[in-house]
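# Structure at a glance
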Amino acid sequence: MSSISFSKALISKVSRSYPTPFYLYDERGIRKSIRLLKKAFSWHPSFREYFAVKATPNPSILKIMKSEGLGLDCSSLPELLLAERTGFAGDMIMFSSNNTPLQEFKKAKQLKAFINFDDISHISMMQKAYGLPKKVALRYNPGATRTGTSIMGAPKDAKFGMTKKQILEGLMLLKKHGVTEFGLHTMIISNELREQYFIDTASMMFDLVIDVKKRLGIDISSVNLGGGIGIPYRPRQKPFDIAKTGKATQRLYMKALKKGAKPFALHLECGRYITGPHGYLITKVRHFKDIYKKYVGLDASMADLMRPGMYGAYHEITVLGKENKPRNHIYDVTGSLCENNDKFAIDRKLPRLDYGDVVIIHDVGAHGHAMGFNYNGRLRSAEYLVSTSGKVKMIRRAEAIGDHFATLKF
Ligand SMILES: *Cc1c(COP(=O)(O)O)cnc(C)c1O
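Residues numbered from 1 in each chain as written. Predicted model: local features only at pLDDT ≥ 70, side-chain atom pairs only at ≥ 80, totals over all residues. Heavy atoms only, no water.

## Notes on the packing of aromatic side chains
Here is the rule we go by: We call Phe, Tyr and Trp rings a pair once their centres come within 6.5 Å, taking the six-membered ring for Trp, and we label the pair stacked below 30 degrees between planes, edge-to-face above 60, and tilted otherwise. Going along the chain from the N terminus, every DSSP run of H or I of four or more residues is numbered as a helix, and every run of E of two or more is numbered as a strand. Remark: exposure states derive from per-residue accessible area (1.4 Å probe, protein chains only) relative to the maximum for the residue type, with buried under 20%, exposed over 50%, and partly exposed in between. Consider the ring centre and the ring normal. A charge sits over the ring if Lys NZ or Arg CZ is within 6 Å of that centre and within 35 degrees of that normal.
Under the definition given, this model contains 17 aromatic pairs. A centroid spacing of 5.7 Å and a plane angle of 65° characterise the contact between F6 and Y280, whose relative ring orientation is edge-to-face. Here F6 is found in the segment before α1 (8-17), whereas its partner Y280 is found in strand β10 (residues 279-290), with 274 residues between them in sequence. For the pair F6 and Y280, a shared accessibility class is recorded, and that class is buried. Seen from their ring centres, F41 and F47 are 4.9 Å apart, and the 15° between their planes marks the pair as stacked. The buried category is assigned to F41, whose relative accessible area is 1%. What makes F47 buried here is its relative accessible area of 16%. Grouping aromatic residues by their ring pairs yields a cluster made of F41, W43, F47, F198, F206, F240, Y253 and F264. Lying across the ring of F88, K66 places its NZ or CZ 6.0 Å from the centre. Here the basic side chain of K135 rests over the ring of F114, its NZ or CZ set 4.4 Å away from the ring centre.

## Overview of the site of the ligand
Our working definition: We define proximity as follows: a residue is near a molecule or strand when any one of its heavy atoms falls within 4 Å of that partner. Polar contacts here mean pairs of N or O atoms no more than 3.5 Å apart (in protein, one a potential hydrogen donor and the other a potential acceptor; neighbouring residues in sequence count only if both atoms are side-chain atoms).
Residues in close proximity to the ligand include A52, K54, D73, R139, M187, G227, G228, E269, C270, G271, R272 and H367, which together make up its full environment. A distance of 3.0 Å separates an oxygen atom of the ligand from a polar backbone atom of G271. H367 places a side-chain nitrogen or oxygen 2.7 Å from an oxygen atom of the ligand.

## What about unusual backbone geometry?
What is expected of a backbone is that most residues other than glycine have negative phi and most peptide bonds are trans. Residues T20 and P21 are joined by a peptide bond in cis, for which omega reads 0°. Positive phi, close to 60°, is recorded for N376, a residue that is not glycine. Considering the arrangement of structural elements, one finds N376 in the loop between β15 (358-361) and β16 (382-386).

## Observations concerning the pairing of strand β6 (residues 135-140)
To be explicit about the condition: Strand pairing is defined by DSSP finding a minimum of two bridges between the two strands. A clockwise path from the first strand over the helix to the second, with the strands pointing away from the viewer, defines a right-handed crossover.
The element β6 is extensively covered by neighbouring structure, given that six of its six residues are classed as buried. Alignment of strand β5 (residues 114-117) against β6, held across three bridges, turns out to be parallel. Paired with F117 across the strands is L138, a residue of β6. In terms of handedness, the path from β5 via helix α6 (residues 121-129) over to β6 forms a crossover that is right-handed. Across six bridges, the pairing between β6 and strand β7 (residues 181-186) is parallel. The residue of β7 that forms the bridge with V136 is F182.

## What to know about the packing of helix α5 (residues 102-110) against α6
Where we set the bar: Angular values range over 0 to 180 degrees, each being the angle between N-to-C directions of two axes fitted as lines to C-alpha atoms, with helices fitted over their stretch in contact. In this scheme, roughly parallel covers angles under 35 degrees and roughly antiparallel covers those over 145, while 65 to 115 is roughly perpendicular and the rest are oblique. The sense of a crossing depends on the near helix, which, turned anticlockwise from the far helix by less than a right angle, makes the crossing left-handed and, turned clockwise, makes it right-handed. Residue contacts are defined here by distance: any two heavy atoms, one from each residue, within 4.5 Å place the two residues in contact. Residues are grouped as follows: Ala, Val, Leu, Ile, Met, Phe, Trp, Tyr, Cys and Pro are nonpolar; Asp, Glu, Lys and Arg are charged; all remaining types, including Gly, are polar.
Relative orientation of the contacting elements α5 and α6 amounts to 65°, with a least axis distance of 10 Å. In terms of orientation, α5 and α6 fall into the roughly perpendicular class. For α5 against α6, the interelement crossing comes out right-handed. Across the interface between the two elements, L102, F105 and K109 from α5 touch H122, M125, M126 and A129 from α6. Tallied by class, residues from the contact of α5 with α6 come to five nonpolar, one polar and one charged.

## Quick word on the sheet that holds β6
Spatially, the eight strands close up into a barrel ordered β2-β3-β4-β5-β6-β7-β8-β9, and their pairing is parallel. Each strand of the sheet is rotated relative to its neighbour by a mean of 25°, with strand direction disregarded. Where strand β8 (residues 220-224) meets strand β9 (residues 265-268), three bridges bridge the pair, whose relative direction is parallel. Across the sheet, residue N224 finds its bridge partner in β9, namely H267. Where helix α4 (residues 77-85) meets the sheet, its contacts fall on β3 (71-74) and β4 (93-96), and the angle it forms with β3 comes to roughly 160°.

## Re a nonpolar patch on the surface
Just so we agree on the cut-off: The patch calculation keeps residues exceeding 30% relative accessible area without a salt bridge and links them within 9 Å when they carry like charges or within 5 Å when they are nonpolar (Val, Leu, Ile, Met, Phe, Trp, Tyr). Note that accessible areas follow from Shrake-Rupley with a 1.4 Å probe, and for residues the cover is restricted to the protein chains shown. Should a side-chain nitrogen of Lys or Arg be within 4 Å of a carboxyl oxygen of Asp or Glu, the pair is scored as a salt bridge.
Together, I401, F405, L408 and F410 make up a nonpolar patch on the protein surface, roughly 490 Å² of accessible area in all. In this fold, F410 is placed in the segment after α12 (401-405). Residue classification places F410 among the exposed residues on the basis of a relative accessible area of 83%.

## Some words on the domain arrangement of the protein
Put simply, the test is: Bear in mind that the domain bounds are from an automatic or database domain assignment. Two parts placed together each lose some accessible area under a 1.4 Å probe, and the buried area is that loss summed for both.
According to the domain assignment, the protein consists of domain 1 (8-23 + 276-399) and domain 2 (89-268). For domain 1 versus domain 2, the distance between C-alpha centres works out to 36 Å. Tallying the contact residues gives eight residues for domain 1 and six residues for domain 2. For the pair domain 1 and domain 2, the summed buried surface comes to about 680 Å²; carbon and sulfur atoms form 64% of the total. Considering only the surface of domain 1 that becomes buried against domain 2, R307, Y314 and D363 emerge as the three largest contributors, covering 62% of it. Applying the counting criterion to the domain 1 and domain 2 interface returns zero salt bridges. At the junction of domain 1 with domain 2, the criterion picks out zero residue pairs in polar contact (both at pLDDT 80 or more). Taken together, the residues of the side of domain 1 that touches domain 2 break down into three nonpolar, two polar and three charged.

## Comments concerning helix α2 (residues 27-40)
Heads up, the condition is: By definition here, a helix of n residues has an expected span of 1.5 Å times n minus one.
For α2, spanning 14 residues, the distance from its first C-alpha to its last is 20 Å, which sits close to the expected 20 Å at 1.5 Å a residue. Buried within α2 we find E27, G29, I30, R31, S33, I34, L37 and A40. The residue sitting at the N-terminus of α2 and contributing the capping side-chain oxygen is D26; that oxygen lies 3.2 Å from the backbone nitrogen of R28.

## Section: the pattern of salt bridges
Enumeration over the complete set of coordinates arrives at 24 salt bridges. Two residues, K294 and D290, come together in a salt bridge whose shortest N-O distance is 3.1 Å. Given the relative accessible area of 41%, K294 is considered partly exposed. One salt-bridge network, held together by shared partners, links E27, R31, R35 and E68.

Printed below as a string of structure tokens:
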């Protein structure tokens, strides 16, 4: 769990100035995480992190990535357009989609993005429709050779990527169609805190590079190890040791070169690791209900933050001004959707709550606002960014009833 990075005075001021609920992001924290990640892989001359746009798809956040020299990982046409509007192009965009509408590849090619195919059928479809770019990556799914994680499941049950056989066939097909630079990609973890699992994945991919060279005589020019590095959502969880992981990856990379691999670029596409701990959902207590259990109702709902309802995900909850009060009350913390899983926490120990208390839900900087929805006619909340200099800036307004009605025909 991230301890709150702003002063109580700042949160108190913004929660009085702007209607709750809203998201509040910490630019300083985001930049710190980026630098830790870059430092851990700085041993590699052409390391690049492509921030996963889907985690926090807001131009002001993406501009932070740009100023730190990161690329963007896009998975849909709207994400490609967002990257374009934010000033990204060419090699700084990775297009990693699945079950892709063919015309989305057209935009990716037009932007000269680095396209990563999730399925072998896309190679000939793209070739026929728009022609293949000179540089292409293929996404590998190792199947039963690896175990899985709770969000993503086991690789053999995951819809992503290609089998080893398809990777080899796909590379030959790409070569036949004139592709000259070949990338390999994988993403088989989500919110993973075990460094060893990530290191094993690097080892698996580097072995694949060598195998491809031996079997096909093809030199792989880049390896993308995906995102999925976890953050400690729970109070006593240990953070992922990125420095140690970077060093272990370096040893494996050097070993791969010794075994005959040509030097290849190294890429990551983390989202959560970078922005996850640096976003907060600021809400207020609106309602109490005492039946078979004690409920406290917030002015935010699962439509603002889906993770607890969808995955049973834990998010730390603190109460402004009551940080040091004993947690001697047990509540289910709920939203207002007509869905019984609209709960931010179940049986959570908290200090005694009162009407109007400012409740802070932690670690929502990634896959938080982005997963919002409009069920029950709930409107999506605003986003604010606290800049490095401490200024608070609105980076997305809240939806209004008009937005909600805009697509309806009466
Ligand atoms: C979601 C996703 C990511 C980012 O995942 P995080 O858990 O936020 O790091 C990266 N790559 C692909 C292909 C994804 O689908």
